Amino acid sequence: MMKFDVLTLFPEIFKAVMGESIIGRAQGNGLIEINTINIRDFSKDKHRKVDDYPYGGGNGMVMMVQPIYDAYASIVEKCGYKPRVIYMSPQGKTLNQELARQLKENEHLVLLCGHYEGIDERVIEEIVDEEISIGDYVVTGGELPAMVLIDCVSRLVPGVLSNEGSFSDESHFEGLLEYPQYTRPYEFINRKVPDILMSGHHANINRWRRQQALLRTFRKRPDLLSELELDKQDTDLIGEVLDDSEKLSLKSIKGRKM
Ligand code: 4H6
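Residues numbered from 1 in each chain as written. Predicted model: local features only at pLDDT ≥ 70, side-chain atom pairs only at ≥ 80, totals over all residues. Heavy atoms only, no water.

Student: What is the right way to look at the packing of helix H1 (residues 11–18) against helix H6 (residues 143–154) in this model?
Tutor: Geometrically, a packed helix pair is captured by the angle between its two axes and the distance between the axes. It is at 11 Å that the axes of H1 and H6 come closest, and there the two elements cross at 35°. Both H1 and H6 take part in a crossing whose hand is right-handed. Here Ile13, Phe14, Val17 and Met18 of H1 lie close against H6, whose contacting residues are Glu143, Ala146, Met147, Ile150 and Asp151. Residue classes in the contact of H1 with H6 are distributed as seven nonpolar, no polar and two charged. (Axes fitted to C-alpha atoms, helices over the stretch in contact; angles between N-to-C directions. Helix = DSSP H or I, 4+ residues; strand = E, 2+ residues; numbered from the N terminus. Left-handed = near helix turned anticlockwise from the far one by under 90°. Contact = heavy atoms within 4.5 Å. Nonpolar A, V, L, I, M, F, W, Y, C, P; charged D, E, K, R; others polar.)

Student: Is there a simple way to think about the site of the ligand in this case?
Tutor: Close to the ligand lie 17 residues, the nearest being Tyr87, Tyr116, Ile134, Gly135 and Val139. In this structure, Ile134 approaches the ligand through a main-chain N or O atom, which is 2.7 Å from an oxygen atom. Gly135 has a polar backbone atom sitting 2.9 Å from a nitrogen atom of the ligand. Coverage of the ligand by the protein chains reaches 89% of its 490 Å² of free accessible surface. Under a 2 Å grid-point criterion requiring more than half of the atoms, the pocket assigned to the ligand is the second largest pocket. Ranked by residues supplied to the shell around the ligand, first place goes to strand S5 (residues 84–94) with four residues. Residues belonging to the shell around the ligand are distributed by class as follows: nine nonpolar, eight polar and no charged. (Near = heavy atom within 4 Å. Polar contact = N/O pair within 3.5 Å; in protein donor to acceptor, adjacent residues only side chain to side chain. Areas by Shrake-Rupley, 256 points an atom, 1.4 Å probe, with all protein chains shown as cover. 1 Å grid on protein atoms, 1.4 Å probe; cavity = no way out; pocket = protein on both sides within 12 Å on 5 of 7 lines; lining within 4 Å. Sits in = over half its atoms within 2 Å of the grid points.)

Student: Sorry, what's going on with H1 here?
Tutor: Because an α-helix packs 3.6 residues into every turn, residues spaced three or four apart end up facing the same way. The complete set of buried residues in H1 reads Pro11, Phe14 and Met18. Considered in projection along H1, the buried side chains sweep an arc of 60° and stay on one side of the axis. Those residues of H1 that are buried are in contact with strand S1 (2–8), helix H2 (21–28), strand S2 (32–38), strand S6 (108–113) and H6. (Buried < 20%, exposed > 50% of the residue type's maximum accessible area, 1.4 Å probe, protein only. Arc of directions from axis to C-beta.)

Student: For this particular structure, what's the right way to read the layout of surface pockets?
Tutor: Once rolled over the atoms, a probe with the size of a water molecule shows which space is left empty. The computed volume of the second largest pocket comes to approximately 470 Å³. The wall of the second largest pocket is formed by 24 residues, among which Tyr87, Met88, Ser89, Pro90 and Gly118 lie closest to the centre. Sorting the residues of the lining of the second largest pocket by element identifies S5, helix H5 (121–127) and strand S7 (130–133) as the ones contributing at least two each. For the lining of the second largest pocket, the class distribution of residues is eleven nonpolar, ten polar and three charged. (Points joined across faces, edges and corners; volume = space filled by probe spheres on them.)

This is the structure we're talking about:
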């Protein structure tokens, strides 16, 4: 069981989005738990105010220390220890599959979602252990990034994906992109499924899939390929399907960080 507590002004978004599909089922199965804590419930203001004007002037509003700190303290009080707190922010370390694997090792994570122009720096200093970004762009609140992180980490929790180990085979496993997938019908607007997949020869199919994964990664994301050590088998495999100029370019990225 992995537990996520989310500090947010918009708890309903989480209930709606994370209540569906694989993540919804994982919650139902007790494999993960996602609790939302409405920061506004901890406002001491009669109008439930949680933001104020920035000291020094400037545009927008800043989320106040007190409601966030008290919301966090309510979690600590309930669980009896200080769980790891992650602040979703454009200034954080970029989330990738490697970081997701590390995060999965935590039994309990608290995700802090900012809004407006962000949060008073002092609450970040006081409670935040790690700042994480989902990529180099800005969205209006930390909620969507938090949901991306929860989804990405939860699918690594054993049992969450019905087909156990199906994630080990795919996408960023070993740093390669996924091979192409096909299902019925066999023919669609003159495009047939590759013969090899119809052959029933599983060794050849696995070899072809590996070749396609290498080829796609080389063509679409050469930056990922340059992070990997290709052994001779893989180099020969992709070499079968590259033209001469691609072979040269593969040589130039191999063993060199781009
Ligand atoms: C913290 C600080 C995360 C959170 C500022 C959050 C992108 C990511 C936010 C802000 C986020 C990411 C508030 C600054 C709106 C811009 C919420 N955006 N912003 N890349 N936004 O993970 O104005």
